[in-house]
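Fold and geometry: a report
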Amino acid sequence: MRSSLLDHAERSVEPGSFQLQNDRMLKVDLRGTGGFFFAKQGSMVAYQGDVDFAYEGSGGLGKMFKKAFTGEGMSLMKVSGSGDVFLAQEADQVFVLHLEDEGVTVNGANVLAFESSLTWDINRVEGASMLSGGLFNTTFTGTGALAVTAFGTPVVLDVDVPTFVDMQAAVLWSTSLQSSIRKTAKLAAAIGRGSGEAYQLALSGQGIVVVQASEGHPPPAQK
């Protein structure tokens, strides 16, 4: 058989590593992961070998209550066994971060998978309220790999001056940054791309923020 399709053959990866099969698919070799890792429920597109998928909920009772209250958090599955696992999320772009005894705050909707060595929790952005949509995000700390997605090619901004980001477009930012909510002068002002532009995520300090080129996937059409 001859086809340009065959140029996309499976890539070899190191045991235990999170590596990109391509820019929209993650490959994880379970060997060397400590036997398991966590992934967004429903993100598996293929696997080879003896692999088990167990529903993990929101990551514990405390996080379950936080998720119920905030709407943030992730429906997780614990992936264990031996073999290769391929993950994707609606053909979004996938990026792998390797944390080295450090922390990062991520929009829960953008989390694809992470190593069990990372500690995570749901936290509220300072100054967020029910009126501003809450804005709770997930903080990861420690050493390990974290795979995130972006709907639309993102930009990485250095935050060396006060920076303001649409709340739905913010993918992740450094935990070293101070975050708060900024309200535009006029409630009806439409300065961004969607309907929530009256409030923005305000960041200051020294660090980075990753901004995707959209406010996320549009909701499914009502039947």
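Everything numeric here is computed off the predicted structure, so don't read it as measured data. (Residues numbered from 1 in each chain as written. Predicted model: local features only at pLDDT ≥ 70, side-chain atom pairs only at ≥ 80, totals over all residues. Heavy atoms only, no water.)

Within the largest apolar cluster, 17 residues are counted, with the highest numbers of intra-cluster contacts made by V104, V106, F114, F140, L146 and L172. For this core, the secondary-structure elements that each account for two or more residues are β6 (93-106), β7 (111-115), β8 (119-124), β9 (136-150) and β12 (170-174). Ranked by residues supplied to this core, first place goes to β6 with four residues. In terms of nonpolar packing, the next biggest core, distinct from the first, is built from 16 residues, F18, L30, F37 and V79 among them. (Core = buried A, V, L, I, M, F, W, Y, C linked by side-chain atoms within 4.5 Å. Buried < 20%, exposed > 50% of the residue type's maximum accessible area, 1.4 Å probe, protein only. Helix = DSSP H or I, 4+ residues; strand = E, 2+ residues; numbered from the N terminus.)

With that out of the way, let us pick up the packing of aromatic side chains. Within this structure, the stated rule accounts for six aromatic pairs. Measuring from ring centre to ring centre gives 6.1 Å for F114 and W120, while their planes differ by 65 degrees; the resulting arrangement is edge-to-face. With respect to class, F114 is no different from W120; both count as buried. With 5.0 Å between their ring centres and 65 degrees between their planes, F114 and F140 make a pair best called edge-to-face. Note that F114 is positioned in strand β7 and F140 in strand β9, a separation of 26 residues in sequence. Across the pair, exposure class does not vary: F114 and F140 are buried alike. Taken together, the aromatic side chains of F36, F38, F114, W120 and F140 make up a single cluster linked through ring pairs. Sitting over the ring of F36, K78 keeps its end group 4.4 Å from the ring centre. For R182, the ring lying beneath its charged end belongs to F164, and the centroid distance is 5.0 Å. (Phe/Tyr/Trp six-rings, centres within 6.5 Å; stacked < 30°, edge-to-face > 60°. Lys NZ or Arg CZ within 6 Å of the ring centre and 35° of its normal.)

Let us look at the pairing of strand β3 (residues 36-40). β3 sits mainly inside the fold: four of its five residues count as buried. Note: β3 against β7, three bridges, orientation antiparallel. Residue pairing across strands places A39 opposite A113, the latter belonging to β7. (Pairing = 2+ DSSP bridges.)

Bringing the side chain of Q93 into the picture now. Topologically, Q93 is positioned in strand β6. Judged by its relative accessible area of 11%, Q93 falls in the buried class. Among the polar contacts listed, one links the side chain of Q93 to the side chain of T153, at a separation of 3.1 Å. Leaving out residues up to four positions away in the same chain, Q93 has contacts with D23, R24, V148, T149, A150, G152, T153 and P154. (Polar contact = N/O pair within 3.5 Å; in protein donor to acceptor, adjacent residues only side chain to side chain. Contact = heavy atoms within 4.5 Å.)

Sheet strands pair via backbone hydrogen bonds, and the direction of the pair is either parallel or antiparallel. In spatial order, the strands read β11-β14-β13; together these three strands make up an open sheet with antiparallel pairing. Each of the sheet's edge strands pairs with one partner strand only, and the pair in question is β11 (163-166) and β13 (178-183). Across the sheet, the axes of successive neighbouring strands diverge by a mean angle of 35 degrees, strand direction being ignored. As paired elements, β11 and strand β14 (residues 199-204) share four bridges and run antiparallel to each other. Across the sheet, V165 pairs through a bridge with L201, a residue of β14. (Axes fitted to C-alpha atoms, helices over the stretch in contact; angles between N-to-C directions.)

Now for the side chain of T139. Here T139 is to be found in strand β9. Among the polar contacts made by the side chain of T139, one reaches the side chain of T105 at a distance of 3.4 Å. A distance of 3.1 Å separates a polar atom in the side chain of T139 from a polar atom in the side chain of N123. Once residues lying within four places of it in the same chain are set aside, the contact partners of T139 are V104, T105, T119, W120, D121, N123 and T175.

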